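Next come the chains, spelled out residue by residue.
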Amino acid sequence: LSSRMEGGLLAASAVVVRRAAVQDETGDVARARIERALEVFRLAEGRWPGTLDELVERGLVLERDLRFPYQQPFPYRLVTGPDGAPTPALALPLW
């Protein structure tokens, strides 16, 4: 890590870019973990969970997994798929 002074301000933009990239990559891994837990839940229960908290209640993920690496929880909802059946929609949080 290197930094330099420019006009009395510390220039560290490279650190911000790297941190955001690492957070996005970590978020993708966390999202994949939740998606696998959703599928396990569906196979075990015969339905998609109404909320991600149901995954925690069944021990499929930890409470912190629903937020990591973000401060906001992963947005989740059931939507109607092309066949008319409920389908899970999971996105990365906006931060």
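So, a few notes on the structure that sits alongside this text. (Residues numbered from 1 in each chain as written. Predicted model: local features only at pLDDT ≥ 70, side-chain atom pairs only at ≥ 80, totals over all residues. Heavy atoms only, no water.)

Let's shift gears to the packing of aromatic side chains. Where two aromatic rings form a pair, the distance of their centres and the angle of their planes describe that pair. This model, assessed by the stated rule, comprises 0 aromatic pairs. The ring of Trp48 carries the charged tip of Arg42 above its face, separated from the ring centre by 5.4 Å. (Phe/Tyr/Trp six-rings, centres within 6.5 Å; stacked < 30°, edge-to-face > 60°. Lys NZ or Arg CZ within 6 Å of the ring centre and 35° of its normal.)

In this section: the nonpolar core. In terms of nonpolar packing, the biggest core is built from 14 residues, with Ile34, Leu38, Leu52, Leu55, Phe74, Tyr76 and Leu90 touching the most fellow members. Contact partners of Ile34, with chain neighbours within four places excluded, come to Leu52, Leu55, Asp65, Leu66, Phe74 and Leu90. (Core = buried A, V, L, I, M, F, W, Y, C linked by side-chain atoms within 4.5 Å. Buried < 20%, exposed > 50% of the residue type's maximum accessible area, 1.4 Å probe, protein only. Contact = heavy atoms within 4.5 Å.)

Moving on to the pairing of strand β4 (residues 86–90). Inspection of the sheet shows strand β3 (residues 76–80) paired to β4 by 5 bridges, in the antiparallel sense. Note that in β4 the partner of Leu78 across the bridge is Pro88. (Pairing = 2+ DSSP bridges. Helix = DSSP H or I, 4+ residues; strand = E, 2+ residues; numbered from the N terminus.)

If you trace the backbone, Asp65 turns up in the loop between α2 (53–57) and β3. In this structure the side chain of Asp65 is engaged in a polar contact, spanning 2.9 Å, whose partner is the backbone nitrogen of Leu62. Each residue touching Asp65, except ones within four places of it in the same chain, is listed here: Arg33, Ile34 and Phe74. (Polar contact = N/O pair within 3.5 Å; in protein donor to acceptor, adjacent residues only side chain to side chain.)

In short, shape yes, function no, at least from these values alone.
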